[in-house]
Structure formats: C-alpha cells, structure tokens
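Residue strings, one per chain:
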Amino acid sequence: VSATRLVPLLRDGDHVLTQSMAIIEYLDETHPQPALMPSDALGRARVRALAQYIACEIHPLNNLRVLRYLTQSLKVPEEDKDRWYRHWVETGLEAVERQLAAQPANFCHGDTPTLADCVLVPQIFNAQRFKCRTDHVPQTMRVFEACMRLDAFEKTRPEACPDAF
C-alpha cells in the first residue's frame, strides 16, 4: 500500500508508483508497444483531456472513500447515495459522449486503445455495478464494447477479478 494508503499501486523494483494515469503513462513509456498515446501532439492532448475528464471529473465523486463518507459520516441513506452516484456518473458520461461523438473512432481516439480507453473501461464497470443508465451514451458504450472485444480488457471484467471489489 502506498503512503497515501490508496490503490492503485505499482511496484517496479524498488520504486513505488501511484495514481492510475501516472502508472499507465509510465507503462506506456517503459513498454511502448502497443502505444497508449497517439504520435501527434493534438491526438495526445485529446486523449489526455478525455482521460482526465473521466479520472478527475467523474471518478473522484464516486470512489469508495467518498461513498463511504456519505453513508458512514454523513449518514446518507444507501438509496440516496446510489441516486447521487448515478447522477454524477450519468452526467459525466454525457460529457464524455459529446467528446467522443465530435470525433468518432473505433476507440476513444483512433483505431487502437489509448490511455483514455484504459480509464473509461473501469468507469463503465462501476456504472454497471451501480445500475447507471448508459442508453443515453451510445458512442461511449460502442467504444467500451470495442475495448471488451480485446483480450487485455476482457480479463479485467469484474467477474474475472472477484477479489477486486
């Protein structure tokens, strides 16, 4: 566990890395194939913007620490917490949908998965777990399904990782 006592955490020899996007970018830089960032500056900026929107705008509002604080410290009833969760995930995915629809591609950006796809997939798993609507984000779900056709993503399904939750 890291000094912040949060996950994810990656140990590489004597080095400990934290935070999903930093870990993913580190892996992309140390294992450049397949590349998770486009080769062009505009493409990289778009991928980072999508990834940051998901990781910084949607995920913090629905991570387990926040949800536990709502129910344990603020005594928010479970059903109200779930409604709160669904509101922020569904509206957040709408913003992602607009960005994906503005520049349709097989994945979040282009014909191969990127950093943005790596953070989108677990967010969709969370949305499904909390029974969020996803019918209003067809482009986002199409990208998610394209990811799930790849073995690397398929192996991350919650049922394939029963100890993850």
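Sequence positions are assigned chain by chain, starting from 1 and proceeding in written order. A pLDDT threshold of at least 70 governs which residues receive local features in this predicted model, and a stricter bar of 80 or more applies before side-chain atom pairs are shown or counted, although totals over entire chains, interfaces and linings include all residues. Excluding hydrogens and water, the side-chain values take into account all heavy atoms of the structure.

Undergrad: When you look at the pattern of salt bridges in this model, what are you seeing that I'm missing?
TA: One side chain can pair with another of opposite charge once the charged atoms of both are near each other. Whenever a carboxyl oxygen of Asp or Glu lies within 4 Å of a side-chain nitrogen of Lys or Arg, that contact is scored as a salt bridge. Taken as a whole, this structure holds eight salt bridges when the rule is applied. With a shortest N-O distance of 3.2 Å, Arg 83 and Asp 80 are connected by a salt bridge. One end of the pair, Arg 83, and the other, Asp 80, are both in helix α4 (residues 78-102), three residues apart, so they sit about a helical turn from each other. Asp 80 sits in the partly exposed class, given a relative accessible area of 26%. Several salt bridges converge on common partners, so that one network encompasses Glu 78, Lys 81 and Asp 82. Secondary structure counts use DSSP, requiring at least four H or I residues in a row for a helix and at least two E residues in a row for a strand, with both numbered from the N terminus. Buried, partly exposed and exposed residues are distinguished by accessible area as a fraction of the type maximum, computed with a 1.4 Å probe on protein chains only: under 20%, between the cut-offs, and over 50%, respectively.

Undergrad: What is the right way to look at the pairing of strand β1 (residues 9-12) in this model?
TA: A regular strand places its side chains so that they alternate between the two faces of the sheet. Relative to strand β2 (residues 15-18), β1 is paired through four bridges, and the arrangement is antiparallel. Within β2, the position partnered with Asp 12 by the bridge is His 15. Only when DSSP finds a minimum of two bridges between them are two strands counted as paired.

Undergrad: Would you explain helix α3 (residues 64-73) in this entry?
TA: Every α-helical turn comprises 3.6 residues, leaving residues that sit three or four positions apart pointing alike. By the burial criterion, the buried members of α3 are Leu 67, Leu 70 and Thr 71. Projected down its long axis, α3 carries its buried residues within an arc of 85 degrees, all on one side. Opposite the packed face of α3, turned more than 90 degrees from it, sit the exposed residues Arg 65 and Gln 72. Polar contacts, as used here, are pairs of N or O atoms within 3.5 Å; protein pairs need one atom able to donate a hydrogen and one able to accept it. Residues neighboring in sequence count only if both atoms are side-chain atoms. The backbone nitrogen of Arg 65 lies 3.0 Å from a side-chain oxygen of the residue at the head of α3, namely Asn 63. Remark: Lys 75 follows α3 within two positions and exhibits a positive phi of approximately 60 degrees. Note that the arc is computed from the directions linking the helix axis to the C-beta atoms.

Undergrad: Can you walk me through the packing of helix α2 (residues 41-58) against helix α5 (residues 115-129) in this structure?
TA: Axis separation between α2 and α5 bottoms out at 7 Å; the angle between their running directions is 30 degrees. Judged on the interaxial angle alone, α5 and α2 are roughly parallel. Where α2 crosses over α5, the handedness of that crossing is left-handed. Seen from α2, the contacting residues are Val 47, Leu 50, Ala 51, Ile 54 and Ile 58; seen from α5, they are Leu 115, Ala 116, Val 119, Leu 120 and Gln 123. Only Asp, Glu, Lys and Arg are considered charged, only Ala, Val, Leu, Ile, Met, Phe, Trp, Tyr, Cys and Pro nonpolar, and every remaining residue, Gly among them, polar. A class-by-class count of the residues in the contact of α2 with α5 yields nine nonpolar, one polar and no charged. Fitted lines through C-alpha atoms give the axes, limited to the stretch in contact for helices. The angle between two N-to-C directions lies from 0 to 180 degrees. Relative orientations are named as follows: roughly parallel for angles under 35 degrees, roughly antiparallel for angles over 145 degrees, roughly perpendicular for angles from 65 to 115 degrees, and oblique for any other angle. Left-handed describes a crossing whose near helix is turned anticlockwise from the far helix by less than a right angle; the clockwise case is right-handed. In this description, contact between two residues means that some pair of their heavy atoms is separated by no more than 4.5 Å.

Undergrad: What's the story with the side chain of Arg 46 in this structure? I'm lost.
TA: Residue position: Arg 46 is located in helix α2. Buried within the structure, Arg 46 lacks any salt-bridge partner; its nearest side chain of opposite charge belongs to Asp 117, at an N-O separation of 8.4 Å. A polar contact of 2.8 Å, which involves the side chain of Arg 46, links it to the backbone oxygen of Cys 108. Just so you know, the count uses Lys and Arg for positive and Asp and Glu for negative, and it drops His and the chain ends.

Undergrad: I would appreciate a short explanation of the packing of α4 against α5 in the present structure.
TA: Geometry of a packed helix pair, given as the angle between the helix axes and the separation of the axes. Between α4 and α5, the shortest axis-to-axis distance is 11 Å and the interhelical angle comes to 140 degrees. Taken together, the axis directions place α4 and α5 in an arrangement best described as oblique. Regarding α4 and α5, the two cross each other, and that crossing is left-handed. Each of Tyr 85, Val 89 and Leu 93 in α4 lies in contact with α5, whose residues at this interface are Leu 120, Gln 123, Ile 124, Asn 126 and Ala 127. Looking at the contact of α4 with α5 residue by residue, the class counts come to six nonpolar, two polar and no charged.

Undergrad: Sorry if this is basic, but what is going on with the packing of aromatic side chains here?
TA: Any two aromatic rings considered together are summarised by their centre-to-centre distance and by the angle between their planes. Stacked, tilted and edge-to-face pairs are distinguished by plane angle, under 30 degrees for stacked and over 60 for edge-to-face with tilted covering the rest, among Phe, Tyr and Trp rings (Trp via its six-membered ring) whose centres lie within 6.5 Å. This model, assessed by the stated rule, comprises two aromatic pairs. Ring centres of Tyr 85 and Phe 130 lie 3.9 Å apart, and the angle between their planes is 25 degrees; on these two criteria the pair is classed as stacked. With Tyr 85 in helix α4 and Phe 130 in the loop between α5 and α6 (138-148), this pair connects stretches of sequence that are 45 residues apart. For Tyr 85, a relative accessible area of 1% gives the class buried.

Everything listed here is a matter of geometry and, on its own, says nothing about what the molecule does.
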